[in-house]
Amino acid sequence: TAPPKFNIDCVVDLLRQENAKDICVIQVPPEIKYCDYFIVVSGSSTRHLHAMAHYMLKVYKHQKEESDPHTRIEGKETDDWLCIDFGGIVMHFMLPEARETYELEKLWTLGSYDDQLAQMTPQSLPEDFILDLT
Amino acid sequence: SISGTCQAIQKLTRVRVVDNSALGNTPYHRPPKCIHVYNKTGVGKVGDKILLAIKGEKKKALIVGHKMPGPHMTPRFDSNNVVLIEDNGNPIGTRIRTPIPYILRRREGEFSKVLAIARNFV
């Protein structure tokens with residue numbers, strides 16, 4: 001039978017087949033209990049992103065049988081950012097401009113030392129904030 | 001005038017924008033208020049979309065935490081936190097400093113983008 005879809009190598013091979021640009025796979029440490037692998041991929045156009053996302057979902061549905069619940073594609077109405085959450089793996093398909101704006105790789109690799117986070121440091125409580133110890 | 005503890009998020013609740021968008025962080029003489037909750041009941045819980053009136057503009061937003069105690073073993077926040085979102089679901093800010101609850105992952109809806117720009121999870 002075909003090997004399970006868990007394989008990160010399988011996913012990366014498929015992305016290379018699809019001519020995805022700038023495949024970035026980040027292994028997330030288990031302290032951040034979100035996922036094991038975080039993938040960011042660039043595409044050349046909206047249609048390319050949609051095609052990649054749907055192909056990934058198709059392969060996943062073909063290979064995975066019962067254990068994981070159904071995954072859905074988020075961001076279908078947008079034209080620059082789509083994502084799929086496969087439980088252990090999270091994939092983001094973005095256009096290069098969106099990638100530049102959000103810089104997800106920087107956030108997930110640098111953690112607290114991210115420069116965008118440092119720039120937004122001056123955050124104070126709003127004036128009408130009441131600390132209610134109920 | 002200041003009212004007592006807010007129970008979840010309804011029309012006319014003042015909310016706190018927690019991402020680093022320009023619209024959320026520039027000071028204005030009126031706090032951002034909810035004007036509509038996209039829910040069957042008019043009460044918004046974590047993961048619901050609401051319409052916000054900020055700086056004289058209408059923007060959609062996602063609730064990421066409220067003061068009302070929710071189901072057991074879910075976090076309760078000291079302020080009603082909200083993340084600004086566009087009509088197609090893309091977040092307007094690029095980073096979120098406050099902790100975001102994990103329940104968003106389970107719920108039906110487009111939350112992976114908000115989880116991707118968040119820093120801490122609860």
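Only a predicted model underlies this, so the values are computations on that prediction, with no experimental measurement involved.

Trainee: What should I look at first to understand the packing of aromatic side chains in this one?
Mentor: We describe a pair of aromatic rings using the distance from one ring centre to the other and the angle between the two ring planes. Residue and element names in this part refer to chain A. Using the criterion set out here, one finds seven aromatic pairs over all chains in the structure. Geometrically, the ring pair formed by Tyr-34 and Trp-108 is stacked, given 5.6 Å between the ring centres and 25° between the ring planes. Placement of Tyr-34 in the loop between strand S1 (21-27) and strand S2 (37-42) and of Trp-108 in helix H4 (residues 104-110) is noted, with a sequence separation of 74 residues between them. The pair formed by Tyr-34 and Trp-108 is uniform in burial state, with each residue classed as buried.

Trainee: Please clarify how the interface of chain B and chain A should be interpreted in this entry.
Mentor: A common way to report how large an interface is uses the accessible area buried once the components associate. Each side of the interface is counted separately: chain B has 35 residues, and chain A has 40 residues. Interface of chain B and chain A: buried area, both sides summed, is about 3,300 Å²; carbon and sulfur atoms make up 51% of it. Applying the counting criterion to the chain B and chain A interface returns one salt bridge. A salt bridge links Arg-105 of chain B to Asp-85 of chain A; the nearest nitrogen and oxygen atoms lie 2.8 Å apart. Among the elements that line the side of chain B that touches chain A, the one with the most residues is helix H3 (residues 112-116) of chain B, at four residues. Of the residues assigned to the side of chain B that touches chain A, the class counts are 11 nonpolar, 11 polar and 13 charged.

Trainee: Is there a simple way to think about the layout of surface pockets in this case?
Mentor: Over the atoms, a rolling probe the size of a water molecule traces out where space has been left empty. In this structure, the second largest pocket spans a volume of roughly 540 Å³. Every residue lining the second largest pocket is counted, 20 residues in all, and those nearest its centre are Pro-69, His-70 and Asp-85 of chain A together with Arg-105 and Arg-106 of chain B. Elements supplying a minimum of two residues to the lining of the second largest pocket: helix H2 (103-106) and H3 of chain B. The class makeup of the residues in the lining of the second largest pocket is seven nonpolar, five polar and eight charged.

Trainee: Mind showing me how you'd approach unusual backbone geometry here?
Mentor: For Asp-22 of chain A, which is not glycine, the phi torsion reads 50° and is therefore positive. Relative to the elements of secondary structure, Asp-22 of chain A occurs in strand S1. The backbone phi angle of Leu-12 of chain B is positive, close to 70°, even though this residue is not glycine. Mapped onto the elements, Leu-12 of chain B comes out in the segment before strand S1 (16-17).

Trainee: What should I look at first to understand the sheet that holds S1 of chain A in this one?
Mentor: Adjacent strands of a sheet form backbone hydrogen bonds with each other and so pair up, either parallel or antiparallel. All names here are of chain A. Across the sheet, which stays open at both edges, the five strands sit in the order S1-S2-S5-S4-S3 with mixed pairing between neighbours. In this open sheet, the two strands that pair with only one neighbour each are S1 and strand S3 (73-74). Where S1 meets S2, five bridges bridge the pair, whose relative direction is antiparallel. Of the residues in S2, the one forming a bridge with Cys-24 is Val-40.

Trainee: Explain helix H2 (residues 46-63) of chain A here, please?
Mentor: The α-helix winds at 3.6 residues per turn, so residues separated by three or four positions along the chain end up facing the same way. Residue and element names in this part refer to chain A. In a regular helix each residue adds 1.5 Å, so 18 residues correspond to 26 Å; H2 covers 26 Å between its end C-alpha atoms and thus fits that length. For H2, the set of buried residues is His-48, Leu-49, Met-52, Ala-53, Met-56, Leu-57, Val-59, Tyr-60 and Gln-63. The arc that holds the buried residues of H2, viewed along the axis, is 165°, so those residues lie on one side. More than 90 degrees from the buried face of H2, the exposed residues found are Arg-47, Lys-58, Lys-61 and His-62. The inward-facing, buried residues of H2 abut helix H1 (8-17), S2, S3, strand S4 (81-85) and strand S5 (89-94).

Trainee: Would you mind showing me how to read the pattern of salt bridges here?
Mentor: One side chain can pair with another of opposite charge once the charged atoms of both are near each other. Residues and elements named next belong to chain A. Counted under the stated rule, the structure contains five salt bridges over all chains. The salt bridge partner of Arg-99 is Glu-105, with a shortest N-O separation of 2.5 Å. The residues Arg-99 and Glu-105 share a single accessibility class, namely buried.

Trainee: What should I look at first to understand the sheet that holds strand S4 (residues 57-65) of chain B in this one?
Mentor: All names here are of chain B. Read across the sheet, five strands follow the order S1-S5-S4-S3-S2 without closing on themselves; strand pairing throughout is mixed. The open sheet is flanked by S1 and strand S2 (33-37), the only strands paired with a single partner. In the sheet, S2 pairs with strand S3 (residues 49-54) via four bridges, with the strands oriented antiparallel. Residue pairing in the sheet places His-36 in a bridge with Leu-51 of S3.

The rules we used
- Residues numbered from 1 in each chain as written.
- Chains lettered and ligands numbered in written order.
- Predicted model: local features only at pLDDT ≥ 70, side-chain atom pairs only at ≥ 80, totals over all residues.
- Heavy atoms only, no water.
- Phe/Tyr/Trp six-rings, centres within 6.5 Å; stacked < 30°, edge-to-face > 60°.
- Helix = DSSP H or I, 4+ residues; strand = E, 2+ residues; numbered from the N terminus.
- Buried < 20%, exposed > 50% of the residue type's maximum accessible area, 1.4 Å probe, protein only.
- Contact = heavy atoms within 4.5 Å.
- Buried area = accessible area lost by both parts, 1.4 Å probe.
- Salt bridge = Lys/Arg side-chain N within 4 Å of Asp/Glu carboxyl O.
- Nonpolar A, V, L, I, M, F, W, Y, C, P; charged D, E, K, R; others polar.
- 1 Å grid on protein atoms, 1.4 Å probe; cavity = no way out; pocket = protein on both sides within 12 Å on 5 of 7 lines; lining within 4 Å.
- Points joined across faces, edges and corners; volume = space filled by probe spheres on them.
- Pairing = 2+ DSSP bridges.
- Expected span 1.5 Å × (residues − 1).
- Arc of directions from axis to C-beta.

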